[in-house]
Amino acid sequence: MSIKVSCQDSICSRIVAGCMNWGEWGANLTIDQAQELIEGCLAIDVTTFDHADIYGHYTTETLFGNALKKQPSLREKMQLVTKCGIKLVTPNRPDTVIQSYNTSKDYIINCAEQSLQNLNTDYIDLFLIHRPSPLMNPEEIAEAFTKLKNEGKVLRFGVSNFTIQQFEMLHKFIPLATNQIEVSPLHLDPFVDGTLDQCITEHVKPMGYSTLAGGKFFMKQPEDRVVRINKVVNMLSEKYNVTSDQILTSWIIKHPSGILPVIGSTKINRIKSAVDALAIKITDEEWFMIWVASTGKEVA
């Protein structure tokens with residue numbers, strides 16, 4: 001059975017495939033391997049694929065697009081997310097002299113049109129500002145978003161790494177469908193700084209990246225905080241007869257904001273493990289066991 005949730009008007013799968021490591025920044029997949037991974041994700045109802053223009057030094061979108069070019073019928077079965085706004089210093093962008101942000105109207109529109117070409121698609125399901133810029137003008141961003149929407153090039157818009165104030169500011173000018181944020185038992189800020197509260201209030205589904213803390217839970221010599229968390233996680237893994245990564249994912253998805261985990265692995269079994277974790281229902285007390293292990297102190 002397909003597991004989907006609403007990101008306002010657009011539809012996202014409950015688990016999102018993160019594509020940052022598909023290309024030069026990670027597994028360096030061939031076109032055939034990318035196509036195989038896409039098809040593997042679709043087969044387990046992971047239909048949303050998360051990109052950014054900068055991934056692989058501006059090359060990973062094209063890798064994915066070339067896979068779609070070989071099998072165009074895959075496009076109608078998926079939702080494509082991508083981001084813009086970060087300018088990287090790389091030989092692929094020789095005119096960029098310093099890493100910086102650009103959220104001007106023309107830059108956003110040009111990035112969207114380039115991503116459409118790279119991804120070999122006529123539209124982007126969800127287009128995000130990758131990081132907030134101190135120079136961002138919400139009216140100008142809204143103008144760019146409105147133009148792209150009116151032309152049918154983007155269906156929905158959102159942001160990534162925005163504070164509650166930044167989200168609120170832009171949301172007043174244009175409806176936003178998500179805030180993609182870092183969240184894990186090692187990164188608790190969104191639970192207490194109002195970010196996830198805002199998502200609930202605005203009926204926005206947050207997307208969560210680094211939900212397994214970039215692999216820190218699986219290091220051979222973890223830090224003390226990780227050791228404390230793993231002790232609880234391993235106990236729960238044994239109780240529920242599941243893997244530790246599934247307990248960590250179940251901890252993320254238990255939050256009432258409906259966090260959509262972005263799974264950055266290129267191994268289909270790891271992605272499937274996250275999908276299977278949707279069936280695990282840890283108790284409130286078990287959730288707080290992991291929280292207390294992370295903070296190192298009982299709740300007041």
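Peer 1: Help me understand helix H6 (residues 164–171), please; the structure alone is not making it clear to me.
Peer 2: At 3.6 residues per turn, the α-helix brings residues three or four places apart onto the same side. Residues Phe 167, Leu 170 and His 171 constitute the buried set of H6. Along H6, the residues classed as buried sweep out an arc of 100° about the axis, all on the same side. In this structure, the buried side of H6 is in contact with helix H5 (138–150), strand E9 (154–160), strand E10 (179–182) and helix H8 (195–201).

Peer 1: What is the right way to read the pattern of salt bridges from this model?
Peer 2: For side chains of opposite charge, pairing can occur when their charged atoms come near one another. Across all of its chains, the model carries 11 salt bridges by this definition. Lys 105 serves as the salt-bridge partner of Glu 143, at 3.8 Å between the closest nitrogen and oxygen. Of this pair, Glu 143 sits in helix H5 while Lys 105 is found in helix H4 (residues 105–118), placing the two residues 38 residues apart along the sequence. Given the relative accessible area of 43%, Glu 143 is considered partly exposed. The partly exposed category is assigned to Lys 105, whose relative accessible area is 26%. Lys 147 serves as the salt-bridge partner of Glu 151, at 2.6 Å between the closest nitrogen and oxygen. Take Lys 147: its relative accessible area is 33%, and that puts it in the partly exposed class. Three or more residues joined by partner-sharing salt bridges are found here, namely Glu 113, Lys 147, Glu 151 and Lys 153.

Peer 1: I'm lost on the state of the cysteines in this one. Help?
Peer 2: By definition, a disulfide links the sulfur atoms of two cysteines through a covalent bond. Inspection of every chain in the model, using the stated rule, returns zero disulfides. Unpaired in this structure, Cys 19 has its nearest cysteine sulfur neighbour in Cys 41, at a distance of 7.7 Å. We note that Cys 84 lacks a disulfide partner, and the nearest cysteine sulfur, in Cys 111, lies 4.5 Å from it.

Peer 1: Honestly, the packing of aromatic side chains in this entry has me stumped. Any pointers?
Peer 2: For any two aromatic rings, the description comes down to two numbers: the centre-to-centre distance and the angle of the planes. Counting across every chain of the model gives 11 aromatic pairs. Relative to Phe 64, the ring of Trp 22 has its centre 5.6 Å away and its plane inclined at 40°; by these criteria the two rings are tilted. One end of the pair, Trp 22, is in the loop between strand E3 (16–18) and helix H1 (31–43); the other, Phe 64, is in helix H3 (residues 60–70), and 42 residues separate them in sequence. The same class applies to Trp 22 as to Phe 64, namely buried. Ring plane angle 55° and centroid distance 5.3 Å describe the contact between Phe 49 and Phe 64, whose orientation is recorded as tilted. Of this pair, Phe 49 sits in strand E4 (residues 48–50) while Phe 64 sits in helix H3, and the two are 15 residues apart along the sequence. The residues Phe 49 and Phe 64 share a single accessibility class, namely buried. Site record: aromatic cluster; members linked through ring pairs are Phe 191, Trp 251, Trp 287, Phe 288 and Trp 291. For Arg 75, the ring lying beneath its charged end belongs to Tyr 123, and the centroid distance is 4.1 Å.

Parameters at a glance
- Residues numbered from 1 in each chain as written.
- Predicted model: local features only at pLDDT ≥ 70, side-chain atom pairs only at ≥ 80, totals over all residues.
- Heavy atoms only, no water.
- Buried < 20%, exposed > 50% of the residue type's maximum accessible area, 1.4 Å probe, protein only.
- Helix = DSSP H or I, 4+ residues; strand = E, 2+ residues; numbered from the N terminus.
- Arc of directions from axis to C-beta.
- Contact = heavy atoms within 4.5 Å.
- Salt bridge = Lys/Arg side-chain N within 4 Å of Asp/Glu carboxyl O.
- Disulfide = S-S within 2.5 Å.
- Phe/Tyr/Trp six-rings, centres within 6.5 Å; stacked < 30°, edge-to-face > 60°.
- Lys NZ or Arg CZ within 6 Å of the ring centre and 35° of its normal.

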